[in-house]
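Below, each chain spelled out in residue letters.
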Amino acid sequence: MGILKRILVATDFSVRSDRAVRRAVLLARQTGAALSLVHVVDDDQPRRIVESEFGMASQLLEEQAKTLESVDGVSCHAEVRLGDAFAGILAAGREQRPDLLVVGPHRRKLLRDVFIGTTAERIIRNSEWPVLMANAPPVGPYRNVLLASDLSDGALMAAKHFAALDLAPQARLSALHVFDAPALGLGMSHSMSRDQKDRYLEGMRDEAVMGMADFVRSLNIKAVEEMVRRETSSPAHDILAAAHEAGAGLVVVGSCGRNGIEKMVLGSVAEELLRVADVDVLVIPSAA
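This write-up is about the structure you can find in this document. Model, not experiment: these values are computed from the prediction. (Residues numbered from 1 in each chain as written. Predicted model: local features only at pLDDT ≥ 70, side-chain atom pairs only at ≥ 80, totals over all residues. Heavy atoms only, no water.)

### Quick notes on the overall build of the protein chain
Inference 1: On a plain count of helices and strands, the protein chain comes out with 8 helices and 10 strands.
Inference 2: Taking all 288 residues of the protein chain together, the buried fraction comes to 50%.
Inference 3: In the protein chain, the share of contacts with a sequence separation of at least 24, taken over all contacts with a separation of at least 6, comes to 78%.
Inference 4: Taken as a whole, the protein chain presents about 13,900 Å² of accessible surface, with 51% of it coming from carbon and sulfur. (Helix = DSSP H or I, 4+ residues; strand = E, 2+ residues; numbered from the N terminus. Buried < 20%, exposed > 50% of the residue type's maximum accessible area, 1.4 Å probe, protein only. Contact = heavy atoms within 4.5 Å. Areas by Shrake-Rupley, 256 points an atom, 1.4 Å probe, with all protein chains shown as cover.)

This is the structure we're talking about:
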C-alpha cells in the first residue's frame, strides 16, 4: 500500500474541474484514499451575492459528495470557503494535510492563460503537497508514466515520492533526461570543426546516459526505461514530445532542480510544461 490516504480536489464546478474530480475518484477507488472537495467563493463582492453563491455552492458540493459516495463508493467530504481561490485552497490543504492535491487544467485562451497565472501556478509554487493537474479526460488508470529528471537530488526525491504514492502500480515507467549542449549555441561554435562538434555532442550524450543510468539505479525501481535526448526547442516541449512517444498519460516533475535553484519549477520548465501539456502533470515539491 502507498502513502496516499487523502486526496484534496479543488473545484469551481466547471468542465475543467470535473476532470480533476473524476481523476481523483479513479485514484481514490484504486488506492482506498478518502476524498475532500473544496470550493472557494469570492468574498470580494456585495454581501447578498456572496451569501447566495455560498448557499448554492454548499448545496451543489454536498450533492456531489453524496453522489460520489453512493455511486463511486468513495468516502467524500465537502467544504465551501470564503476568500481568494488560491488562499482558500491552500488553507484547506494546511488544515487537512492531504497526500495529493488535484486541480483541473488552466484556461488556455483567456488573457495569456490567466488561470495558471492566478490560481494553479500560485498553488503549485506554494503547495507543501504533490499537485496533480488533470489535463486529459480521465478514462482509466495510468498505463504509462514519464519521470522527467534533471538528474538532481530534488528530481530523485520527487521520483521516489511518486513511487511511494503508488498512483500507477501497473504502469510502464520511463525516465527522461533532456540535456543541453551549450557550446554549440555559443558564439564559439563557429570556430569548431564538424568533427569537433560531433565529438563534443557525443561526449555530452555519453555523460547524460551515464547520469541517467545512475539516476535510475538510485531509484531502485525495476523495469524503468531510460530515455535521453538533446534539447531541441525547449525542455518542456521535448518532455511533452517524449511523453507522446512513450504513450504516457502522466508526466512527473520535481519542484527543485540543480543546486537548489528552481530549474524545474514554475517560471521555467514545469510552468511551460503545464501551459502546453495535453497529458496530466504531477509536480512534487521538495517540502513533500
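That shown, we press on.
### Some details on the pattern of salt bridges
Inference 1: Summed over all chains, the structure comprises 14 salt bridges.
Inference 2: Residues Asp 280 and Arg 23 are paired through a salt bridge, measuring 3.5 Å at the closest nitrogen-oxygen approach. With a gap of 257 residues between them, Asp 280 in strand 10 (residues 280-284) and Arg 23 in helix 1 (residues 15-31) connect regions that are remote in the sequence.
Inference 3: Classification of Asp 280 by relative accessible area gives buried; the value is 1%.
Inference 4: Glu 225 serves as the salt-bridge partner of Arg 172, at 2.9 Å between the closest nitrogen and oxygen. Residue Arg 172 is located in strand 7 (residues 172-179), and its partner Glu 225 is located in strand 8 (residues 224-230); the two are separated by 53 residues in the primary sequence.
Inference 5: The exposure class of Glu 225 is partly exposed, given its relative accessible area of 37%.
Inference 6: Each of Arg 22, Arg 29 and Asp 72 takes part in one network of salt bridges that share partners. (Salt bridge = Lys/Arg side-chain N within 4 Å of Asp/Glu carboxyl O.)

### Digging into the nonpolar core
Inference 1: Grouped together as the largest cluster of nonpolar side chains are 48 residues, with contacts concentrated most on Ile 7, Leu 35, Val 145 and Phe 162.
Inference 2: Setting aside anything within four residues of it in sequence, one finds Ile 7 in contact with Ala 24, Leu 27, Ala 28, Ala 33, Ala 34, Leu 35, Ser 36, Leu 100 and Val 102.
Inference 3: With 37 residues, the next largest nonpolar core counts Phe 86, Ala 92, Leu 146 and Ala 277 among its residues. (Core = buried A, V, L, I, M, F, W, Y, C linked by side-chain atoms within 4.5 Å.)

### A closer look at the packing of helix 7 (residues 235-246) against helix 8 (residues 269-276)
Inference 1: Taken N-terminus to C-terminus, the directions of helix 7 and helix 8 make an angle of 55°; their axes are 8 Å apart at the nearest point. Comparing the axis directions of helix 7 and helix 8 gives the class oblique. In the crossing of helix 7 with helix 8, the sense of the turn from one axis to the other is right-handed. Across the interface between the two elements, Pro 235, Ala 236, His 237, Ile 239 and Leu 240 from helix 7 touch Val 269, Glu 272, Leu 273 and Val 276 from helix 8.
Inference 2: Split into classes, the residues belonging to the contact of helix 7 with helix 8 amount to 7 nonpolar, 1 polar and 1 charged. (Axes fitted to C-alpha atoms, helices over the stretch in contact; angles between N-to-C directions. Parallel < 35°, antiparallel > 145°, perpendicular 65-115°, else oblique. Left-handed = near helix turned anticlockwise from the far one by under 90°. Nonpolar A, V, L, I, M, F, W, Y, C, P; charged D, E, K, R; others polar.)

### Quick notes on helix 5 (residues 153-165)
Inference 1: In this model, helix 5 (13 residues) spans 18 Å end to end at C-alpha, consistent with the 18 Å of a helix rising 1.5 Å per residue.
Inference 2: Those residues of helix 5 lying buried are Gly 154, Ala 155, Leu 156, Ala 158, Ala 159, His 161, Phe 162 and Leu 165.
Inference 3: Turning to helix 5, the residues buried within the fold contact strand 6 (144-148), strand 7, helix 6 (194-219), strand 9 (250-254) and strand 10. (Expected span 1.5 Å × (residues − 1).)

### Some remarks on the pairing of strand 9
Inference 1: In terms of residue burial, strand 9 counts as a mostly covered element, since 5 of its 5 residues are buried.
Inference 2: Residues Leu 250, Val 252 and Gly 254 line one face of strand 9 and the alternating positions Val 251 and Val 253 line the opposite face, and both faces are buried.
Inference 3: In this structure, strand 9 lies alongside strand 10, joined through 5 bridges in parallel fashion. Within strand 10, the position partnered with Val 253 by the bridge is Val 283. (Pairing = 2+ DSSP bridges.)

### Concerning the packing of aromatic side chains
Inference 1: Counted by the stated rule, this structure contains 0 aromatic pairs.
Inference 2: The ring of Tyr 142 is capped by Arg 23, whose NZ or CZ atom sits 4.1 Å from the centre of that ring. (Phe/Tyr/Trp six-rings, centres within 6.5 Å; stacked < 30°, edge-to-face > 60°. Lys NZ or Arg CZ within 6 Å of the ring centre and 35° of its normal.)

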